Amino acid sequence: MFVEIQISNYARQDVVIENSCPNCRKPIIPDVVSKGSSEKSVGKSNIFITLQCPGCEHFWVEEFSATLDGTNHYNLTHVEVKPELPSDIPMPEDIDIISPIGKDIYLQALKAENEKLNHIAGIGYRKALEFFVKDFVILTNMDDKAKIERMQLKQVIDTYIDDEELKTVALASTYIGNDEGHYFRKNPDKDIYDLKNYLHGFIFYLGKKLTFLDAQELVNRSKKS
Ligand SMILES: [Zn+2]
């Protein structure tokens, strides 16, 4: 359907709105609740239209950017608003280099949690943990890369992580993480929030450990010279 918008003092123009509801997905003719535009600079405006579904009665907003071409006509571009979800915990900068997939999985799990998809989020956090642990261990044991990739997560932690604090939070995350992936919960008193707490602990220690390794490398280098 078309919705007429006053884009500037001089120009009115039709905007095309799809005849379907983004919530219930049914074909509908939405009701226009409000509409308007704000001029950002000469020949450039932002348009909004608030719509309501006559079926499920939910509201949503469509946004367009309008740019004046030479003929007193505006070119309209539909703006898709997808909020970028920042991490809810500080991640060490090195994570982007060491475990970019782990970070990606963590952010996807966080998104699932925010969407109230708790069952999926738990499995996601467990998978992120596996990537963080294995990528970190591989970094410090490059020769065993192929072996580590195939090992059980718990075995990797037991074999390669010496630091007791790092080991404890990693193992605790594994226990709850496994519960998230299986039918039977061995630790029914712990849930996804405990898993996240331990996972945060692991990432925190990981950051400290990476700083230490970097400093150690520097000290060893200056010893040699
Ligand atoms: Zn609807």
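Refer to the preceding data block for the structure.
The present account deals with the structure reproduced in this document. (Residues numbered from 1 in each chain as written. Predicted model: local features only at pLDDT ≥ 70, side-chain atom pairs only at ≥ 80, totals over all residues.)

Judged by nonpolar contacts, the single largest core of 28 residues is most densely connected at Tyr125, Phe132, Val133 and Phe202. For this core, the secondary-structure elements that each account for two or more residues are α2 (100-114), α3 (118-140), α5 (153-160), α6 (164-181) and α7 (192-224). Filtering out sequence-adjacent residues up to four positions away, phenylalanine 132 remains in contact with Ser99, Gly102, Phe202, Ile203 and Leu206. One finds Ile47, Leu51, Phe64 and Tyr74 within the second-largest nonpolar core, a separate group that totals 9 residues. (Core = buried A, V, L, I, M, F, W, Y, C linked by C-beta atoms within 7 Å. Buried ≥ 20, exposed ≤ 12 C-beta atoms within 10 Å, placed from the backbone. Helix = DSSP H or I, 4+ residues; strand = E, 2+ residues; numbered from the N terminus. Contact = placed C-beta atoms within 7 Å.)

Next up on the list: α7. With 33 residues, α7 extends 47 Å from end C-alpha to end C-alpha; this agrees with the ideal 48 Å at 1.5 Å per step. Inspection of α7 places Ile192, Leu195, Lys196, Tyr198, Leu199, Phe202, Ile203 and Leu206 among the buried residues, and these make up the whole buried set. Close packing links the buried residues of α7 with α3 and α6. (Expected span 1.5 Å × (residues − 1).)

Another aspect to go through is the pairing of strand β5 (residues 59-68). As paired elements, strand β4 (residues 44-52) and β5 share 9 bridges and run antiparallel to each other. Following the sheet pairing, lysine 44 is matched in β5 by threonine 67. Linking β4 to β5, which pair antiparallel, is a turn of 6 residues; within it glutamate 57 sits at a positive phi near 70°. With 6 bridges connecting them, β5 and strand β6 (residues 74-79) associate as antiparallel partners. (Pairing = 2+ DSSP bridges.)

Within the fold, glutamate 93 resides in the loop between β6 and α1 (95-98). C-alpha of glutamate 93 to C-alpha of glycine 207: the two residues are 114 residues apart in sequence and 8.4 Å apart in space.

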